[in-house]
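Observations on chain architecture
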Amino acid sequence: MVTIPLTTLLARGKERRREQESPLQPELECVCWTPPKLAAPVALPDKGLDNPLGQNNCFVNVVLQALWHLSSFATELNSSETHEHSGDSCVFCALKVIFTNYMYGDTPSIPPSVLRDCLSRCYEREGRFQLGAFDDAAEAFEAVLNELHRCLYKGGDCATTPCLVHRCFSSTLMQQTVCITCAAQSAPLLFDSFTYYIPVLSLLKDHCQEPACTLGTLLARVLEDEQGPCANEANPCKDLSPVKKFLLDPVPQVFVFSLTWPSYSPPPQLIKAVFELLHPDTAIRLGDMFDNVNGTPAADELLLYKGSICFYGNHYACHFRSTTTGKWTVFDDEVVKQVDVWSEVHRLCVAGRYHPSMVFYQRASLDSGQAPATVSML
């Protein structure tokens, strides 16, 4: 299938939006196009992404579905124009073309080839994300964000004015060891991260030991599972102490958890146990995950489950909650299946042995979709 030219899409969009107060521009020479602002959210049909035999596009397709269905990211990207164009390897322009096809294309499935071509060129020297080759979705997700950051803030570090990538996904963490015996503190270490890595067995073990704990508390314990030596160089204590991780301002709009599994083919009962923890009616309270936000407005912020990228048998699929209807949709390349209730999503994943490899939570205050009927803790 051939990508629909942007000029054709713009012409169709102009015809469809003729009655809107903000008409489309009559002529555009660049893909840096801002769609007209609508008076209310429009329910767009869910679309699949092409994966012809031998192209192995599934790991890119699930990343695109995730970015499109995270409303805080998609809304900002659709309204962004200024960037440093990098020719045939410009990820900003590639995402613009694909998102425009999401909004105005007439076909039920979109080719991801423009983004695959970009990633292949960007990482040709490293031999990663090459055309026709299968690759890791989590690594592709971070690669897309890194390349998009370079397009939006070339030569900068986003310290003063964060770009949309860092506003949406980047967490600034301070890591420090405080001795449990003498209270000596190590020098603080600052680092940025788009993703939190969570070992599944550690998460389930903590849940079995204390089933009354909130999901945020369980995640905090897993994140602080690392231990370090006493920082008192003159007279160090023998005991190891937990390495604390503190979340600094600004708080990102989306939190991404990359789940690490003990095998590529975990048993169904293990997959079921993890999905029961990730139930969409179970929110994460930010103050439970990070001690240092206690007492601030962000401490009571709730993170809502938006969806997951799942993996089984060298293939990726995903599911996400609609930003307009609040219902669930399962995406398997070109195949799109709308599901009314979460229990059916849960059943399909367990039956197909698709285990979540990336999990997406969005801040409730920024969520444009329908919140769960009841938000409860574990």
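Refer to the structure above for everything that follows.
What counts, and where the lines are drawn
Residues numbered from 1 in each chain as written. Predicted model: local features only at pLDDT ≥ 70, side-chain atom pairs only at ≥ 80, totals over all residues. Heavy atoms only, no water. Helix = DSSP H or I, 4+ residues; strand = E, 2+ residues; numbered from the N terminus. Buried < 20%, exposed > 50% of the residue type's maximum accessible area, 1.4 Å probe, protein only. Contact = heavy atoms within 4.5 Å. 1 Å grid on protein atoms, 1.4 Å probe; cavity = no way out; pocket = protein on both sides within 12 Å on 5 of 7 lines; lining within 4 Å. Points joined across faces, edges and corners; volume = space filled by probe spheres on them.

1. Thoughts on the overall build of the chain
Of the regular secondary structure elements, the chain holds twelve helices and 14 strands. Taken across its 378 residues, the chain has 51% of its residues classed as buried. Counted over contacts in the chain with a minimum sequence separation of 6, partners at least 24 positions apart contribute 68%.

2. Comments concerning the layout of surface pockets
Gaps left between atoms are located by rolling a probe of water-molecule size over the structure's atoms. When its volume is computed, the second largest pocket comes out at roughly 360 Å³. In terms of lining, the second largest pocket is formed by 18 residues, of which the most central are Asp136, Leu259, Tyr264, Tyr316 and Ser357. Sorting the residues of the lining of the second largest pocket by element identifies α6 (137–152), β8 (254–260) and β14 (355–363) as the ones contributing at least two each.

3. Here's the deal with the environment of valine 256
Checked against the element boundaries, valine 256 lands in strand β8. Given the relative accessible area of 0%, valine 256 is considered buried. Here the alpha-carbon distance between valine 256 and methionine 358, two residues 102 residues apart in the chain, equals 6.8 Å. In this structure valine 256 touches Phe141, Phe169, Phe194, Thr195, Tyr196, Met358, Val359 and Phe360, once residues within four positions along its chain are discounted.

Geometric values such as these leave the question of function open.
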